[in-house]
Amino acid sequence: MGPRRKASKLQPVGGSSGGELVLSPSEPKDYINELSHEVLCHIFRYLPMKDIMCMESLSRKLREAVTLYLRVVKVVDLCAGRWWEYMPSGFTDSSFLLLLKKMPDLEQLYGLHPRFLERRRVRGYEAFSIPGVLEALQACPNLLGVETSHLELVEAIWNYMPQVHILGKFRNRNGAFPIPAENKLTIPITAKIQTLHLVGVNVPEIPCVSMLRHLYLKWVRLTKPQPFKDFLCVSLRTFVMRNCAGPTNSLKYVPLVTGLASARNLEQLELVRVPFLGGLIQHVVEDSWRSGHGVMIQPPPTKMSPQFKHS
């Protein structure tokens, strides 16, 4: 014997011919549309942006609530906190511009990880391009920072929007070895970034970036003859350089060691396959300590034996 089915509530419907009473099932109650705009905006804070965008087409009240929410939102994550994923597909230059124009108070944009971006706009073809993303970002007057992993996009932000910070950890996702010719990045002195993780990229030089705290270089080709000529990162805490291609003359790495010696808060140093002269690190660190520009680590004092204590 199967389970009983729950009987649906029936309500009478008048106006039938012959005076008969016709029963019809009652319609389900719409609880969502009974909520206020304030409650709906509070619910949107816990939903991914992709789901919020889909609610605009469900009802007029939800569309109004989404418009109110986007008007006051200050922090948006297009990847819902999953930095290893890509942002929702289907964006074009016009649709992305329309979305960001609805956020006049936007300050921090996370998850700007497009799967593919055109380098330039194509006439007569609606695509998602780097100039289109820049135009949309410039439509936000209060924008302070952007999180992305696209090499060409981050370089365009540094060139055309130097006041914008690169949020989180920048890690390029197209790293490969041998290094492709299109994988290249020029780091300006004015770059507002704290963590830079490059894998399989052509970099001309490592300049003086005052805000940089963590720098990871793996399979990076340094193309200039003296890539560390202006290297100086006083706020650096982590420096990792593994299997990178650069100058073969070990004297070209003296500015690198000198710059590392000036980093007072350096906690992690890893150098793999880097040509150094014998005793170069010790010589530079000792000179820096004598001149007062560096920190020399001293062992903790040991307790003196009782027989050597003065009476």
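Predicted, not measured: the structure shown is a model, and the values here were computed from it. (Residues numbered from 1 in each chain as written. Predicted model: local features only at pLDDT ≥ 70, side-chain atom pairs only at ≥ 80, totals over all residues. Heavy atoms only, no water.)

J.: Explain the packing of helix H4 (residues 93-101) against helix H5 (residues 130-138) to me, and be specific about the residues and the numbers.
T.: A pair of packed helices can be characterised by two numbers: the angle between their axes and the separation between those axes. Remark: H4 packs on H5, axes separated minimally by 9 Å, with the N-to-C direction vectors making an angle of 15 degrees. Compared by their axis directions, H4 and H5 come out roughly parallel. For the pair H4 and H5, the crossing hand works out as right-handed. Residue-level contacts link Asp93, Phe96, Leu97 and Leu100 of H4 to Gly132, Val133, Glu135, Ala136 and Leu137 of H5. Classifying every residue of the contact of H4 with H5 by side-chain character gives six nonpolar, one polar and two charged. (Axes fitted to C-alpha atoms, helices over the stretch in contact; angles between N-to-C directions. Helix = DSSP H or I, 4+ residues; strand = E, 2+ residues; numbered from the N terminus. Parallel < 35°, antiparallel > 145°, perpendicular 65-115°, else oblique. Left-handed = near helix turned anticlockwise from the far one by under 90°. Contact = heavy atoms within 4.5 Å. Nonpolar A, V, L, I, M, F, W, Y, C, P; charged D, E, K, R; others polar.)

J.: Outline the UniProt feature "domain: F-box" (unreviewed entry) in the chain, supporting the account with residue identities and numerical values.
T.: As annotated in UniProt, the feature "domain: F-box" (unreviewed entry) corresponds to residues 33-67 in the numbering used here. Taken end to end, residues 33-67 is 63% helix and 0% strand, and its two terminal C-alpha atoms sit 15 Å from one another. (UniProt positions renumbered as here; feature names shortened; annotations may be inferred.)

J.: So, the confidence of the model for the chain: which residues are in play, and what are the values?
T.: Here the chain averages 83 in pLDDT, while 79% of its residues score no lower than 70. Residue range residues 295-311 is modelled with pLDDT below 50. Its contacts to residues more than four positions away, or to other chains, number five contacts. (pLDDT = per-residue confidence, 0-100.)

J.: Give a description of the sheet that holds strand S12 (residues 268-272) that names residues and reports values.
T.: Spatially, the eight strands line up as an open sheet ordered S3-S4-S5-S6-S7-S9-S11-S12, and their pairing is parallel. Of all strands in the sheet, those bounded by a partner on one side alone are strand S3 (75-77) and S12. Looking at each pair of strands side by side, their axes are set apart by 10 degrees on average, direction ignored. In the sheet, strand S6 (residues 165-171) pairs with strand S7 (residues 193-199) via four bridges, with the strands oriented parallel. Following the sheet pairing, Lys169 is matched in S7 by Thr195. (Pairing = 2+ DSSP bridges.)

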